[in-house]
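Inside the fold
What follows is each chain in one-letter form.
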Amino acid sequence: MTTEQRSTLDAILRQGAFPADIGLEEQRAQLKALLSAQPLPADLTVTAGELGGVPTADVTVDGIEPRHTVLYFHGGVYVMGDAALSADLASQIGRRIEASAISVDYRLAPEHPYPAAVDDALAAYQGLLERGIAPADIVLAGESAGGGLVIATLVNARDHALPLPAAAYVMSPYVDLTLAGATMKTKRDADPLMSFDALQARIPDYTAGQDPALGLISPIFADLTGLPPIVIQAGSHEVLLEDAVRLAREAAAADVEVTLDITPGVPHVFQAYHAILDEGATALDRAGRLLAAYLT
């Protein structure tokens, strides 16, 4: 059954892949169509909110009395996506750790290039702390660029002497905007959605002339010392696979407790397709067990 699921998902994603030669507005529309194709679960409520002056989508699940909080950062290579589009994935984490989820609507490039997203992410985290939420009850989570933003926010919070959350969970993290990972080439044909060319086309929108190797742009190059435990998941069929592997290596070298979880035969942010892909739900379950242990 899972082989059939993988093949079906691969075909769907190849139809919605992002060619490098189309405009940003068209790419934004394609991503919205892709993520909106799955209706939100009926037990999910999404309301507009704000943290630290940054807009958010606040996500609650009927029947769950939240004991913790997930601060969530959506993907979209820093130029696409929005908080509400990631509400279901954020809620899937919350379901597994008895948490409410707050998805952050950080500003997007090229209208708002670096450091706008990084500033918004830190402001949202500070806003959560100012609400009186204990750091030990907070998990930072995100997918793709949002995963990179999670790591950058941890580094930024540490450097601003803020108390750090209990743990972090990143799915298919995009942490190297120099695109130096070998899997940019070796996984080119296996990846149904992403490509070196498509990623490269959007980098100037975000960096706006800044060095893409800066630690808060590409946190693979940041000092990760002192960060809380990090759970990293990726699929073997994605050009960003080595970003996940290298992030785990750098975290381990900095004495950070890290779990690297690679699922074979699945694409970028495969957890988002948990409703039609068994591996997605299973990976979320594994992450949930780890995060629950860190929260207790």
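Residues numbered from 1 in each chain as written. Predicted model: local features only at pLDDT ≥ 70, side-chain atom pairs only at ≥ 80, totals over all residues. Heavy atoms only, no water.

1. A short note on the sheet that holds strand E2 (residues 54-61)
For clarity, the threshold we go by: In short, DSSP must find at least two bridges between two strands for them to pair. Numbering goes from the N terminus for both helices and strands, where a helix is a DSSP run of H or I of at least four residues and a strand is a run of E of at least two. Axis angles are defined between N-to-C directions and span 0 to 180 degrees, where every axis is a line fitted to C-alpha atoms and, for a helix, only to the segment in contact. Contacts are assigned to residue pairs that have any heavy atoms within 4.5 Å of one another.
A sheet is described by the order of its strands in space; here eight strands give the open sequence E1-E2-E4-E3-E5-E6-E7-E8, paired in mixed fashion. At either margin of the open sheet sits one strand with a lone partner, and together these are strand E1 (44-51) and strand E8 (258-263). Neighbour-to-neighbour, the strand axes of the sheet open up by a mean angle of 20°, direction not taken into account. Bridge count for strand E7 (residues 230-235) against E8 is six bridges, and the pairing is parallel. Bridging from a neighbouring strand, Val-231 pairs with Thr-259 of E8. This element, helix H3 (residues 87-97), spans E1, E2, strand E3 (68-73), strand E4 (99-104), strand E5 (138-143) and strand E6 (167-171) of the sheet and lies at about 155° to E3.

2. Comments concerning the packing of aromatic side chains
What counts is decided by this rule: Aromatic contacts are taken between Phe, Tyr and Trp rings whose centres are within 6.5 Å, Trp giving its six-membered ring; a plane angle under 30 degrees counts as stacked, one over 60 as edge-to-face, and the others as tilted. For the exposure calls, accessible area comes from a 1.4 Å probe over protein chains only, and a residue counts as buried if that area is under 20% of its type's maximum, exposed if over 50%, partly exposed in between.
With the rule as written, the count across this model stands at two aromatic pairs. Ring centres of Tyr-78 and Tyr-206 lie 4.0 Å apart, and the angle between their planes is 5°; this geometry places the pair in the stacked category. Residue Tyr-78 is found in the loop between E3 and H3, and its partner Tyr-206 is found in helix H7 (residues 196-207); the two are separated by 128 residues along the sequence. A relative accessible area of 1% means that Tyr-78 is categorised as buried. Taking 6.0 Å as the distance between ring centres and 75° as the angle between the ring planes, the aromatic pair formed by Tyr-114 and Tyr-206 counts as edge-to-face. With Tyr-114 in the loop between E4 and helix H4 (116-130) and Tyr-206 in helix H7, this pair connects stretches of sequence that are 92 residues apart. Each member of the pair Tyr-114 and Tyr-206 is classed as buried. Feature note: the residues Tyr-78, Tyr-114 and Tyr-206 constitute an aromatic cluster, connected by ring pairs.

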